[in-house]
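Reading the structure
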2 protein chains.
Amino acid sequence: MNVAILGATGQNGSSIVDSLLSSTETKFNITALVRPPSLKKPNVVDLQRRGVNVVSFNLADSEDNVTAQLKGIDVLVVCCLLDEVALANAAKKAGVKRYVPCFYASVMPRGVQTLRDNKEAILDHLQRLHLPYTVIDVGWWYQISLPRLPSGRIDRNLFLYNTAIGGNGDVPCARTDSRDVGVYVARIIADPRTLNQKVFAYTDLRTQHQLYDTVERLSGEKIERKYRTADEIDAGIARTKDDPYKMMDYYQFTYQKSYDIMGENTPEYARYLGYQVGKDLYPDLEGISFEDFLKETLETGLKPMYEEHADFLRESSSFVFNGKITTE
Amino acid sequence: MNVAILGATGQNGSSIVDSLLSSTETKFNITALVRPPSLKKPNVVDLQRRGVNVVSFNLADSEDNVTAQLKGIDVLVVCCLLDEVALANAAKKAGVKRYVPCFYASVMPRGVQTLRDNKEAILDHLQRLHLPYTVIDVGWWYQISLPRLPSGRIDRNLFLYNTAIGGNGDVPCARTDSRDVGVYVARIIADPRTLNQKVFAYTDLRTQHQLYDTVERLSGEKIERKYRTADEIDAGIARTKDDPYKMMDYYQFTYQKSYDIMGENTPEYARYLGYQVGKDLYPDLEGISFEDFLKETLETGLKPMYEEHADFLRESSSFVFNGKITTE
């Protein structure tokens, strides 16, 4: 199976490449489509060393050239921001058999968040093209779900983090270790049952209170629980939605409204929206448990998410904790 | 099962009421929600005579009043144009168990036709409310699929009619006798498998050439086949899309692009969009065949569709044939 991936060195892309490389069930021939200025970057060179076919790819080329580069690809996986309309047009002409648009987030309906609506607009375009597709959502990442500990000992692991519980704290929310995104994607893209479907693949389902309880139990520390009411979240959305400098805050407030207030990031609501659910499709597949992730965080420390975008995120988000900086 | 219907005397509504009344599998208690000015109309009085509970219903009433009127309703079926956002809000508060929005047309993706996109916007609203729903599409009606015969003998049956074949005439298109819409709806709304699903229930699948062949064979008349190319249809869409006086033409061109050029009004494309298909769910259910409909039209004559809106449609559409008038 010939898989091409855009954004192979990013947060999701690298997880996907890792899983495709280590898959024993399906043999994947992996191509990383890389923008010309990035070809010499160390992590791109490293991909090549590990057996990934690295190809220079410029979406600004003529559509004929782009189409020619996509010929022979079975599955095209998008893990970065780019003009997916142009990409999908070329993929259709090239005969790509399955297009995976850049979703990989929590489940929510249309009309709640512009970021999500833009993804849905891409899906609409794929459907106007009659291009075979699979939408994959993975819930919220463990890596950005942890609250601070009073001792400060996991500050080095926090970046985007859990600043307050939304609502009453008793609404279930689906979460996944970001390192498992690729494990799920590798299974889903090789599965004929998921063609032209939306799939919700997640590992853990628990409420905020259950999550805080677990963190307290395993860390042995008592955490002060801060709350953000539904009205405060709505006010936050109203305050940030038209301000490009508050974009990250707007995303965070709208995500939190959806998962903590509306309870939309759950398998029940995903089924209601027409998704297939990963646990139904692959009962044998167990991701990294939240407990194991947390133990590893407490013992070893993990690389914070999005560390490479630290400066941008710190400027545009109230939810970024710069522990990495202050503890060094 | 308590079913309430809005638009019970319209084209689809009356078919649905007929089927609910004659259903033997499920016992339906039927309520027609009727606007106050229409309560005395003969066809509303007739509903009452036939055992339908007729209730005065004004969506402009306070939301509390509207909600109170919807209490106890299991399935709310919408078959007319009205403010579905306000209606759905009240239905959610009233605890309606299944909301059937006003779809009942051919299958197409988003972004092709404003009429369809407005329906999808209602679906989005239902999903933001977490209101249980079922979307039902039925394909194109037999009643508006017939071409004129040279003899003029079915002119009395034609109103919106088949003026030209789109494209090459070899694209399959799903069609249904409008009198069967209710038969399908009655089955679908009593079926737990269709809750929170889109269902495509149709009877006949054939290309325009196959349809013309059948009409020629059963009528014994040779029909001149006129064609409308994809470019002509696109030009028609561009010419009409922003002109409110050409609204019906715009709808017709966009529908025809979807079914005759893009081949979207088919079970294959419906499945691709995530629909369940009526023939898969109810293999025992056979609608009126196109041949039987055509024989009846040739022998007996049928009431043209939308006769009651004749003047409006005649003014706004190039696809209306006023045979009814000229032959009287």
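For the structure itself, consult the block above.
Fair warning: this is a prediction, and the values are worked out from it, not measured in the lab.

Throughout the structure, instances matching the rule amount to 46 salt bridges over all chains. Here Arg179 of chain A and Asp177 of chain A are joined by a salt bridge, their closest N and O atoms 2.7 Å apart. As a salt-bridge pair, Asp191 of chain B and Arg193 of chain B come within 3.0 Å of each other at their nearest N and O atoms. Given a relative accessible area of 45%, Arg193 of chain B falls into the partly exposed group. A single salt-bridge network, built from bridges that share partners, covers Arg110, Arg116, Glu120, Asp124 and Asp137 of chain A.

Okay, the relation of the copies chain B and chain A next. Note on the identical chains: chain B maps onto chain A by a rotation of 180° and an axial translation of 0.0 Å, with an RMSD of 0.0 Å. Here the symmetry operator amounts to a two-fold rotation axis. Relative to the rotation axis, the C-alpha of Gly274 of chain B is the closest in chain B, positioned 3.7 Å from it. Of the residues that chain B buries at the interface, 100% are likewise interface residues in chain A, meaning the two copies contact each other through the same surface.

Right, let's talk about the interface of chain B and chain A for a bit. At the interface, 18 residues of chain B touch 18 residues of chain A. Between chain B and chain A, a total of about 1600 Å² is buried, with carbon and sulfur atoms accounting for 53% of that surface. Remark: the boundary between chain B and chain A carries 0 salt bridges. Counting across the chain B and chain A interface gives 12 residue pairs in polar contact (both at pLDDT 80 or more). Elements with a contribution of two residues or more to the side of chain B that touches chain A: helix 5 (114-129) and helix 10 (267-272) of chain B. With 4 residues, helix 5 of chain B is the largest single contributor of residues to the side of chain B that touches chain A. Residues belonging to the side of chain B that touches chain A are distributed by class as follows: 10 nonpolar, 4 polar and 4 charged.

The next thing to look at is the environment of Val135 of chain B. All names here are of chain B. Locating Val135 in the fold gives a position in strand 6 (residues 134-137). Counting along the chain gives 29 residues from Val135 to Ala164, while the straight-line C-alpha distance between them is 30 Å. Those residues within four positions of Val135 in sequence are excluded, and the remaining contacts are Pro101, Phe103, Leu123, Gln197, Lys198, Val199 and Tyr275.

Before going further, it helps to spend a moment on the nonpolar core. With 164 residues, the main nonpolar core has Leu70, Leu76 and Tyr104 of chain A together with Leu70, Leu76 and Tyr104 of chain B as its most contacted residues. The residues touching Leu76 of chain A, leaving out its near neighbours within four places in the chain, are Ala4, Leu6, Leu33, Leu70, Leu87, Ala91, Val96, Arg98, Tyr99 and Val100 of chain A.

What follows concerns helix 7 (residues 208-219) of chain B. Residue and element names in this part refer to chain B. Under the 1.5 Å per step criterion, the end-to-end length of helix 7 is 16 Å for 12 residues, consistent within 8% with the ideal 16 Å. Every buried residue of helix 7 is accounted for by Gln208, His209, Leu211, Tyr212, Thr214, Val215, Glu216 and Ser219. Lining the buried residues of helix 7 we find strand 8 (165-166), strand 9 (173-176), strand 11 (204-206), strand 12 (227-228), helix 9 (247-261) and helix 12 (290-299). Positioned one or two residues after helix 7, Gly220 has a phi angle of 75°, which is positive.

Take the state of the cysteines next. Residue and element names in this part refer to chain B. The final tally for this structure, using the stated rule, is 0 disulfides over all chains. There is no disulfide at Cys79, and the cysteine sulfur nearest it, in Cys102, is 6.1 Å away. Residue classification places Cys79 among the buried residues on the basis of a relative accessible area of 13%. Of all cysteine sulfurs in the structure, the one in Cys102 sits closest to Cys80, which takes part in no disulfide; the separation is 6.8 Å.

Another aspect to go through is the packing of aromatic side chains. Within this structure, the stated rule accounts for 20 aromatic pairs over all chains. Geometrically, the ring pair formed by Tyr142 of chain B and Phe290 of chain B is edge-to-face, given 5.3 Å between the ring centres and 75° between the ring planes. Of this pair, Tyr142 of chain B sits in the loop between strand 7 (140-141) and strand 8 while Phe290 of chain B sits in helix 12; the two residues are 148 residues apart in sequence, bridging distant segments of the chain. According to the relative accessible area criterion, Phe290 of chain B is buried, its value standing at 0%. Among the aromatic residues, those joined into a cluster by ring pairs are Tyr133 of chain A together with Tyr269 and Tyr272 of chain B. Positioned above the aromatic ring of Tyr202 of chain A is the side chain of Lys279 of chain A, whose terminal nitrogen or guanidinium carbon lies 5.0 Å from the ring centre.

Residues and elements named next belong to chain A. Side chains Thr134 and Ile136 project from strand 6 (residues 134-137) onto one buried face, and the interleaved Val135 and Asp137 project onto a second face that is buried too. Relative to strand 10 (residues 197-200), strand 6 is paired through 4 bridges, and the arrangement is parallel. When the sheet's bridge partners are listed, Asp137 is paired in strand 10 with Phe200.

Conventions and cut-offs
Numbering of residues begins from 1 in every chain and follows the order in which that chain's sequence is written. Here every chain gets a letter starting at A, and every ligand a number starting at 1, in the order they are written. Only residues with pLDDT of 70 or above have their local features reported here, since the model is predicted, and side-chain atom pairs are shown and tallied only from 80 upward, although totals for entire chains, interfaces and linings are computed over all residues. Hydrogens and water molecules were not included; the side-chain quantities draw on all heavy atoms of the structure. Note on definitions: salt bridges are taken to be side-chain nitrogens of Lys or Arg within 4 Å of carboxyl oxygens of Asp or Glu. Each residue is placed in one exposure class: buried if its accessible area under a 1.4 Å probe, protein chains only, is under 20% of its type's maximum, exposed if it is over 50%, and partly exposed if it falls in between. A least-squares fit on C-alpha atoms brings the copies together, and the residues used are those whose pLDDT is at least 70 in both copies. Every residue pair with non-hydrogen atoms within 4.5 Å of one another is taken to be in contact. Each of two parts loses accessible area, computed with a 1.4 Å probe, when they are put together; buried area is these two losses added. Pairs of N or O atoms within 3.5 Å make up the polar contacts considered here, provided that, within protein, one atom can donate a hydrogen while the other can accept it, and that residues adjacent in sequence are counted only when both atoms are side-chain atoms. Working definition: helices are DSSP H or I runs of at least four residues, strands are E runs of at least two. Numbering for both runs from the N terminus. Gly is placed with the polar residues, together with every amino acid not listed as nonpolar (Ala, Val, Leu, Ile, Met, Phe, Trp, Tyr, Cys and Pro) or charged (Asp, Glu, Lys and Arg). Residue types Ala, Val, Leu, Ile, Met, Phe, Trp, Tyr and Cys, when buried and joined through side-chain atoms within 4.5 Å, form a set referred to as a nonpolar core. What a helix should span is 1.5 Å times the count of its residues minus one. Disulfides are defined as cysteine sulfur pairs within 2.5 Å. Here the aromatic set is Phe, Tyr and Trp, taking the six-membered ring for Trp, and pairing holds for ring centres within 6.5 Å; pairs whose planes are under 30 degrees apart are stacked, those over 60 apart are edge-to-face, and all others are tilted. Note on geometry: a ring has a charge over it if NZ (lysine) or CZ (arginine) is within 6 Å of the ring centre and within 35 degrees of the ring normal. Two strands are said to pair when DSSP picks up at least two bridges between them.

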